[in-house]
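# Structural characterization, general
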Amino acid sequence: MNGSSWSRFAQRSGYSGFLLATFALSPAAFSEISVSDCARAAKYSEARGGSAVLVMQNGRTIFEHYANGGSANRRWPIFSGTKSFWGIAALVAVQEGLFRLDDPVSDTITEWKSDPRKSQITIRQLLSQIDGIEGASHLQRPSIRDRNAMAIGLLSVAQPGSAFIYGPSHIQIFSELLRRKLGARSITSYFEAHVANRLGLRDLKYKKDERGNPLPATGFELTAREWARLGELIIGNGNYHRRQIVRSNTLREAFVGSQINPAYGLTFWLNQEAPSGREADMERLLDLPWENAHWSGVCICKDAPADMVVALGSHYQRLFVIPSLKAVIVRQGSGGNFSDAQFLRLVLGRVE
């Protein structure tokens, strides 16, 4: 699909377009990230509970710093950053022909066919969290026997496509859809064979319920170097160390925001409203009741490139990926008064 046809598709489907680095960028879009700027950003992060900062550019590590109990070999919870790995697995499944993103979920979860709202929901809306299903943070409780059954029985509280409602429900419902599509194959085995093993990731924490269903909304613990591999995959347009995991045109689907929230694609956060957008702390917006959060025109950092995509976890766990700079930036820590925008300005040398 070329640039013009992609734009027409985005307009028809109600999604706002996102341009990956595979679309022509001028040489002026590229610049070197300096070690001294990274050091300033690491100092800022450390003072706010940061445990790790890792910066890669052009395929090599240019800066690495640990503090507050962090180390190169210590795995750290990435919380909702886990969702983005499962988003890649969803795209692999699309590539393999298991389903199409615009298929109705009810084609597979047939219990929804008689529901006037749920029967309209597409897989794309599910992964974009605009399906109208309640967020249901309680799905993360370890005491739940069957998360998948609970998730598909959740209430629809808004018309599909009309609201962005963040929570674990959507990706949990997707995991049940994938489970049914796979038949005898387990969903974790599929994920490991097609994503985790190809990225060299082992011994991941799936937080399974009593039925063996993983919790794809959270749970993974990774070193900064391990998490950076997902960024390298994106910079490589779906290839990691010369191994293709997902085709570039399929990967591009993850970086298209919805009309209701242009800052969120398929399990990835987007900066496409920069430089004119309204900077927002995504974690604080997510703390609001979904009815009170306004996502129109929101960006993560006005001074970061518009093609930046982010895997985001609670307490300011971040994987920033900037294709136009061929840069991958990991920040891990224990929360604190942290600002994504200020941190990025420091890394990119855009603070006077």
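Below: a short report on this structure. Computed from a prediction, not measured in an experiment: that's the story for all the values here. (Residues numbered from 1 in each chain as written. Predicted model: local features only at pLDDT ≥ 70, side-chain atom pairs only at ≥ 80, totals over all residues. Heavy atoms only, no water.)

### Side note on the layout of surface pockets
In plain terms, the rule: Buriedness of a pocket was judged along seven lines, with at least five required to meet protein on both sides within 12 Å; pockets are open sets of points on a 1 Å grid over the protein atoms alone, cavities are sets where a 1.4 Å probe fits but cannot get out, and lining residues have an atom within 4 Å of a point. Grid points are joined across faces, edges and corners, and a volume is the space filled by probe spheres set on the points. A run of DSSP states H or I qualifies as a helix once it reaches four residues; a run of E qualifies as a strand once it reaches two. Both are numbered from the N-terminal end. Gly is put with the polar residues, along with every residue not named as nonpolar or charged; the nonpolar set is Ala, Val, Leu, Ile, Met, Phe, Trp, Tyr, Cys and Pro, and the charged set is Asp, Glu, Lys and Arg.
Estimated volume of the largest pocket: approximately 300 Å³. Contributing elements (two or more residues each) for the lining of the largest pocket: α10 (282–287) and β12 (309–313). A per-element tally of the lining of the largest pocket places α10 first, with three residues. In terms of residue class, the lining of the largest pocket is built from seven nonpolar, eight polar and three charged.

### Thoughts on empty space enclosed by the protein
In this approach the atoms are scanned with a rolling probe the size of a water molecule, which exposes any empty space left behind. Applying the stated criterion to the full structure yields one cavity of 30 Å³ or more. Roughly 40 Å³ of internal volume is contained in the largest cavity. Lining of the largest cavity is provided by Ser80, Gly81, Lys83, Ser84, Tyr166, Tyr264, Thr267, Phe268, Trp269, Val310, Ala311 and Leu312. Counting residues per element, the ones that place at least two in the lining of the largest cavity are α3 (82–95) and β12. For the lining of the largest cavity, the leading source of residues is β12, giving three residues.

### Topic: the packing of aromatic side chains
Where we set the bar: Two rings from Phe, Tyr or Trp (for Trp, the six-membered ring) form a pair when their centres are within 6.5 Å of each other. A pair whose planes differ by under 30 degrees is stacked, one over 60 is edge-to-face, and the rest are tilted. Any residue under 20% of the maximum accessible area for its type is buried, any over 50% is exposed, and the rest in between are partly exposed; the area is computed with a 1.4 Å probe on protein chains only.
Within the structure shown, the criterion is met by 20 aromatic pairs. With 5.6 Å between their ring centres and 45° between their planes, tyrosine 44 and phenylalanine 338 make a pair best called tilted. Placement of the pair is tyrosine 44 in helix α2 (residues 35–46) and phenylalanine 338 in the loop between β14 (327–333) and α11 (340–347), with a sequence separation of 294 residues. A relative accessible area of 2% places phenylalanine 338 in the buried class.

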